[in-house]
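Now for the letters of each chain:
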Amino acid sequence: MERLSERAVDAADFRDVLGRFATGITIVAGLGADGRPAGFACQSFASLSLDPPLVMLAVGRASTSWPLIERTGRFCVNILAEHQRETCAAFGRSGPDKFAGVPWSTGEHGTVRIDGALAFVECELEAVYEAGDHHLVTARVLALDAREDGRPLLYFRSRYAVGAF
């Protein structure tokens, strides 16, 4: 008997259907062992646990930034505001200096905070699991804060979107 999980799911259909779930966009950033910032755009981010405070994110296995961040074990999840489309685009591309022209500061736990972000969550790596073409990362929250003003930058059907709240 064929199991449902053994049926092939068309990649285009998968992307189309799941693209109808609006997500926020984040920049995951930290300092590499050499002290230089590293980061990548990530839309697969969520809270996981209140006690202890944990978050989770999915990182593409092909990411060249994640290994630099993973080695130090600390990073900041910067939740982007609606005006940060260009920042998101810069971090969504491959390249040696994604931080060119992007103002940032060092967080209290040695992470990288993107200026103007709607919120930040400083984290310490808990565990990394293999999950298909991604790594599923869990992390303990060390510090967090949010602005009272602004709206989030969203991603819906492969395009940027802004919600009315």
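Residues numbered from 1 in each chain as written. Predicted model: local features only at pLDDT ≥ 70, side-chain atom pairs only at ≥ 80, totals over all residues. Heavy atoms only, no water.

What to know about the layout of surface pockets
Its volume calculated, the largest pocket comes out at about 1400 Å³. There is about 260 Å³ of room inside the second largest pocket. Looking at the second largest pocket, it is lined by 14 residues, and the ones nearest its centre are Arg36, Pro37, Ala38, Leu68 and Pro96. A total of 3 residues in the lining of the second largest pocket trace back to one element, the largest contributor, which is strand β3 (residues 37-42). The residue inventory of the lining of the second largest pocket, partitioned by class, reads 5 nonpolar, 5 polar and 4 charged. (1 Å grid on protein atoms, 1.4 Å probe; cavity = no way out; pocket = protein on both sides within 12 Å on 5 of 7 lines; lining within 4 Å. Points joined across faces, edges and corners; volume = space filled by probe spheres on them. Helix = DSSP H or I, 4+ residues; strand = E, 2+ residues; numbered from the N terminus. Nonpolar A, V, L, I, M, F, W, Y, C, P; charged D, E, K, R; others polar.)

As for the side chain of glutamine 84
Residue placement: glutamine 84 occurs in the loop between β6 (74-79) and α3 (85-92). Among the residues examined, glutamine 84 registers a relative accessible area of 3% and is labelled buried. (Buried < 20%, exposed > 50% of the residue type's maximum accessible area, 1.4 Å probe, protein only.)

Taken by themselves, the reported measurements are silent on function.
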